[in-house]
Amino acid sequence: MQTEATKHPVRFVTLVFLAVSTAACGGGESPPDAGASDTPETPAASANSGLTADELEYGIGPIRDLVLGDPDPAMADAGAEIFAIKCSACHKMGERYVGPDLSTVTEQRVPEYVMNMILNPEEMVERHPVAKALFAEFNYTPMANQQLTEEDARAVFEYLRRVGAEDPGAQN
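Q: Help me get a handle on the overall build of the chain, residues and values and all.
A: Within the chain, the regular secondary structure consists of ten helices and zero strands. Partitioning the intrachain contacts of the chain with sequence separation of at least 6 by distance along the chain shows that 71% fall at a separation of at least 24. For the chain, the exposed surface amounts to about 10,300 Å²; the carbon and sulfur share of it is 57%.

Given below as C-alpha cells:
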C-alpha cells in the first residue's frame, strides 16, 4: 500500500522542509534579551551566567583596566584601515547589517568589553549574556575571529571611539 509520501516524495520532502523551517524561524520575534544593548546585563542573565562581575562588565578576554587618554588620531586612522579590511563586510556605521551597527558601541559598552569582543568573539558569544543576546538577535551569525593583536584591537577601538564622536551617517 502506497502512502502519500511514497506517491509524491518531492511534495512530501518540500512540506517537511517548510514545516521545519517555519518552526525554526519562531515567527520572527526577537529574543527577550535582544534589545539588551543599552544595559551591561540583565539580572537573570548575570545570576545564571556563572561569570564574575568583572567578566560581566569587561567581557571575557585579556583586556582589563584599560586607561584611555585623549583620542589618538593616528591610531584611529590605523583602526579605520583594519576595520575596512577585517570588519566592514559585516558591520556598517549608522545601520544594522550582518552584524550590529557599531557607530555608538563606545557609548554602550566599556572599552574592555569592546576589545574583548574583538579579540575573543567565540568565548564571548558562548558565555557572556549580552553577547549571546546579540548573537540571537543577529540570526545566530557568528562574529569571525579576525586574529587581531591587542594593538590592532586597540586601533579599531580608537576608530570606533572617533566614529562615536562624529555623525554616524557620514561614515558609510
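Q: Lay out the pattern of salt bridges in plain terms, naming residues and giving numbers.
A: Overall, the coordinates contain five salt bridges when judged by the stated rule. Glu123 is the partner of Arg127 in a salt bridge, and the nearest nitrogen-oxygen pair spans 2.7 Å. Here the residue Arg127 and the residue Glu123 both occupy positions in helix α8 (residues 121–127), the gap between them amounting to four residues, near one helical turn. Arg127 sits in the partly exposed class, given a relative accessible area of 27%. Salt-bridge contacts for Glu158 lead to Arg161; the nearest nitrogen and oxygen are separated by 2.8 Å. Taken together, the residues Glu158 and Arg161, both in helix α10 (residues 150–165) and three residues apart, mark about one turn of the helix. Accessibility expressed as a relative area gives 1% for Glu158, which makes it buried.

Q: Hey, could you go over the side chain of Ser103 for me, with residue numbers and the actual values?
A: Structurally, Ser103 can be placed in the loop between α5 (73–86) and α6 (105–108). In this structure the side chain of Ser103 is engaged in a polar contact, spanning 2.8 Å, whose partner is the side chain of Asp101.

Q: Any details on the packing of α5 against α10? Residues and values, ideally.
A: In contact at an axis separation of 7 Å, α5 and α10 are set at 100 degrees when each is read in the N-to-C sense. Viewed along their axes, α5 and α10 adopt a mutual orientation that is roughly perpendicular. Taken together, the residues of α10 that come into contact with α5 (itself represented by Pro73, Met75, Ala76, Asp77, Ala78, Gly79, Ala80, Ile82 and Phe83) are Asp152, Arg154, Ala155, Val156, Glu158, Tyr159, Leu160 and Arg162. Per-class residue counts for the contact of α5 with α10 are eleven nonpolar, one polar and five charged.

Q: So what about the nonpolar core? Which residues, and what values?
A: Ranked by internal contacts, the top residues of the largest apolar core, which has 19 residues, are Phe83, Met93, Val156 and Leu160. Those elements giving two or more residues to this core turn out to be α5, α7 (111–119) and α10. Take this core: its biggest share by element is seven residues, from α10. Every residue in contact with Val156, bar those within four places of it in the chain, is listed here: Gly79, Ile82, Phe83, Ile118 and Leu148. Membership of the second largest hydrophobic core comes to nine residues, among which are Leu51, Leu56, Tyr113 and Met124.

Cut-offs applied
Residues numbered from 1 in each chain as written. Predicted model: local features only at pLDDT ≥ 70, side-chain atom pairs only at ≥ 80, totals over all residues. Heavy atoms only, no water. Helix = DSSP H or I, 4+ residues; strand = E, 2+ residues; numbered from the N terminus. Contact = heavy atoms within 4.5 Å. Areas by Shrake-Rupley, 256 points an atom, 1.4 Å probe, with all protein chains shown as cover. Salt bridge = Lys/Arg side-chain N within 4 Å of Asp/Glu carboxyl O. Buried < 20%, exposed > 50% of the residue type's maximum accessible area, 1.4 Å probe, protein only. Polar contact = N/O pair within 3.5 Å; in protein donor to acceptor, adjacent residues only side chain to side chain. Axes fitted to C-alpha atoms, helices over the stretch in contact; angles between N-to-C directions. Parallel < 35°, antiparallel > 145°, perpendicular 65-115°, else oblique. Nonpolar A, V, L, I, M, F, W, Y, C, P; charged D, E, K, R; others polar. Core = buried A, V, L, I, M, F, W, Y, C linked by side-chain atoms within 4.5 Å.

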